[in-house]
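Architecture and fold: a report
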Amino acid sequence: MGEIINLRQARKSRERAAKAEEAAQNRVLFGRPKKAKTLADARKSLERDRHEGHRLNSDDPEG
């Protein structure tokens, strides 16, 4: 026969583990200082502008 478990405790521990995993993901996504965020945004913008600047033809019908 198997081990007897309390279903309420098992449910609560499963929910706690899911919340802890979500918190870890949020720390990775949102846990950067403001200076690091603005620096990354500036770099991303610069790279996008450089990439767009190398296009041979534009999407503009007038140009």
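The structure under discussion appears in the preceding block.
Described in the following lines is the structure provided in the data block. Nothing here was measured: the structure is a model prediction, and the numbers come from that model. (Residues numbered from 1 in each chain as written. Predicted model: local features only at pLDDT ≥ 70, side-chain atom pairs only at ≥ 80, totals over all residues. Heavy atoms only, no water.)

It is worth spelling out the overall build of the chain at this point. Helix and strand counts for the chain stand at 2 helices and 0 strands. Whereas a compact globule of 63 residues would reach a radius of gyration of roughly 11 Å, the chain reaches 24 Å, over 25% beyond that. Its C-alpha atoms put the chain at 75 × 30 × 20 Å along the principal axes. Looking at the chain, you have 16 positive and 11 negative side-chain charges, and the mean spots of the two groups are 13 Å apart. (Helix = DSSP H or I, 4+ residues; strand = E, 2+ residues; numbered from the N terminus. Rg over C-alpha atoms; globule rule 2.2 N^0.38 Å. Lys, Arg positive; Asp, Glu negative; His and termini not counted. Charge placed at Lys NZ, Arg CZ, Asp CG, Glu CD.)

Relative to the helices and strands, Ala17 is located in helix α1 (residues 7-30). Measuring from C-alpha to C-alpha, the distance between Ala17 and Thr38 comes to 32 Å, with 21 residues separating the pair along the chain.

This part is about the environment of Glu21. Counting through the fold element by element, Glu21 comes out in helix α1. Here Glu21 falls in the exposed class, since its relative accessible area comes to 52%. In sequence terms Glu21 and His54 are 33 residues apart; their C-alpha atoms lie 42 Å from each other. (Buried < 20%, exposed > 50% of the residue type's maximum accessible area, 1.4 Å probe, protein only.)

Turning our eyes to something else, we now look at the pattern of salt bridges. One pass over the structure, following the stated rule, counts 3 salt bridges. Note that Glu47 and Arg50 form a salt bridge whose closest N and O atoms lie 3.6 Å from each other. Remark: Arg50 and Glu47 occur in helix α2 (residues 34-53); sequence separation between them is 3 residues, near one turn of the helix. On the basis of relative accessible area, Glu47 is assigned to the partly exposed category, the value being 48%. Residue classification places Arg50 among the partly exposed residues on the basis of a relative accessible area of 46%. (Salt bridge = Lys/Arg side-chain N within 4 Å of Asp/Glu carboxyl O.)

On the surface, Arg32, Lys37, Lys44 and Arg48 cluster together into a patch of positive charge. Classification of Lys44 by relative accessible area gives exposed; the value is 56%. (Patch = residues over 30% accessible without salt bridge, like charges linked within 9 Å, V, L, I, M, F, W, Y side chains within 5 Å. Areas by Shrake-Rupley, 256 points an atom, 1.4 Å probe, with all protein chains shown as cover.)

End to end, α1 covers 34 Å across 24 residues, agreeing with the expected 34 Å (1.5 Å per residue, within 8%). The N-terminus of α1 is capped by Asn6, whose side-chain oxygen sits 3.0 Å from the backbone nitrogen of Arg8. (Expected span 1.5 Å × (residues − 1). Polar contact = N/O pair within 3.5 Å; in protein donor to acceptor, adjacent residues only side chain to side chain.)

Here we come to the environment of Asn26. With respect to the helices, strands and loops of the structure, Asn26 is situated in helix α1. Measuring from C-alpha to C-alpha, the distance between Asn26 and Ile4 comes to 35 Å, with 22 residues separating the pair along the chain.

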